[in-house]
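Per-entry structural report
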Amino acid sequence: FIGLIMILILLLIGSFFSYSITHHISRLVKFMHEIGEHNIKQRLEITAPNEVGLIAKDINRMLDRLEDMTRSIFTTQTKLYEAELAKKQSELSALQSQINPHFLYNTLNCISSIGLAHDIPDIVNISASMSRIFRYSIKEADIVMIKDEIACIKDYLSILNIRYQDKLSVCLKVDEAIYERKTIKMILQPIVENAIYHGIERKKGKGILTIQGDIIGNRNIQFIISDNGKGMNSQELEDLLRRINSSNEDINNRIKNRSIGLVNINHRVKLLFGDGYGINVDSCENEGTQVRLKLPVIEK
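On a predicted model such as this, the values are computed, not experimentally measured, just so you know.

Locating threonine 289 in the fold gives a position in strand β7 (residues 288-296). Using a relative accessible area of 14% as the deciding quantity, one classes threonine 289 as buried. Among residues more than four places away in sequence, those in contact with threonine 289 are Ile225, Ser226, Asp227, Gly231, Met232, Val281, Asp282 and Ser283.

Here you go:
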């Protein structure tokens with residue numbers, strides 16, 4: 001009788017241990033089947049203090065890493081698609097801007113000749129500067145030397161100096177050490193244009209435009225374009241920063257908005273170099289605006 005009782009107790013204990021293991025294993029098998037159906041957001045909730053519990057923790061960690069990797073791949077593919085789309089759009093813009101360039105060159109040269117013939121140096125200077133800017137803007141390479149970008153800005157400012165005469169004063173403080181470095185083509189001109197047309201032009205009295213360029217931290221290049229123009233109040237600045245940093249804003253709204261130049265610059269820089277780079281704007285109403293452009297040092 002005692003022997004039968006002991007056998008019964010052993011069977012009960014064996015059944016309990018067997019169930020505690022097979023139950024968890026059954027849950028593990030069912031969970032793996034669900035994961036096989038591409039439902040990787042689920043997690044296995046087994047807290048058993050044995051090898052099955054350790055396996056469950058390892059599976060959950062593996063799923064976390066897999067989900068992070070999938071998210072990273074999706075983000076990378078999205079950025080690659082956006083970069084390819086931006087490249088196609090820029091190629092289309094380049095093609096549109098190259099409509100019969102020889103005709104435009106000849107026209108500018110003709111204007112320059114008329115200016116020389118009538119002894120009007122302003123016409124000669126404007127047509128020569130426009131010719132160089134146009135030739136630079138339709139270059140096939142999107143990555144150019146900083147010295148070429150600065151030369152384009154100087155040509156652009158020479159035209160504006162003729163237009164504004166004594167109203168505009170320009171201070172160029174670009175470290176010559178970065179002249180042989182590389183940057184994105186036509187990256188500074190839209191910022192300078194915004195500073196003049198939306199800042200200095202709207203302010204009474206003389207306007208001061210400052211363009212600085214330096215290497216910071218040996219790995220980055222920073223341009224600072226500041227003006228003493230009309231500036232913006234806090235609400236206008238907040239709206240501008242939101243538009244600049246918005247990646248989902250409708251392209252038609254961008255085109256209608258005066259910040260299209262800054263939006264496009266920030267978008268181009270982030271697509272090429274990542275979120276650590278781009279532009280930042282600081283402004284104070286009736287005091288002026290400062291735009292900081294951060295770029296990496298391009299080795300190749």
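Inspection of the secondary structure assignment puts serine 129 in helix α4 (residues 121-137). Under the relative-accessibility criterion, serine 129 is labelled buried at 3%. Apart from the residues lying within four places of it in its own chain, the contact partners of serine 129 are Asp155, Ser158 and Ile159.

In this model, helix α6 (residues 189-200) (twelve residues) spans 15 Å end to end at C-alpha, consistent with the 16 Å of a helix rising 1.5 Å per residue. The buried count for α6 comes to nine of twelve residues, which makes it a mostly enclosed element.

Oppositely charged side chains can form a pair if their charged atoms are brought close together. The tally for this structure, following the rule as stated, stands at four salt bridges. Residues aspartate 68 and arginine 71 are paired through a salt bridge, measuring 3.0 Å at the closest nitrogen-oxygen approach. Of this pair, aspartate 68 and arginine 71 both sit in helix α2 (residues 51-97), three residues apart, which is roughly one turn of the helix. Residue aspartate 142 pairs with arginine 268 through a salt bridge whose shortest N-O separation is 3.2 Å. With aspartate 142 in the loop between α4 and β1 (143-145) and arginine 268 in helix α9 (residues 260-273), this residue pair connects regions lying 126 residues apart in the sequence. The partly exposed category is assigned to arginine 268, whose relative accessible area is 27%.

Conventions we followed
Residues numbered from 1 in each chain as written. Predicted model: local features only at pLDDT ≥ 70, side-chain atom pairs only at ≥ 80, totals over all residues. Heavy atoms only, no water. Helix = DSSP H or I, 4+ residues; strand = E, 2+ residues; numbered from the N terminus. Buried < 20%, exposed > 50% of the residue type's maximum accessible area, 1.4 Å probe, protein only. Contact = heavy atoms within 4.5 Å. Expected span 1.5 Å × (residues − 1). Salt bridge = Lys/Arg side-chain N within 4 Å of Asp/Glu carboxyl O.

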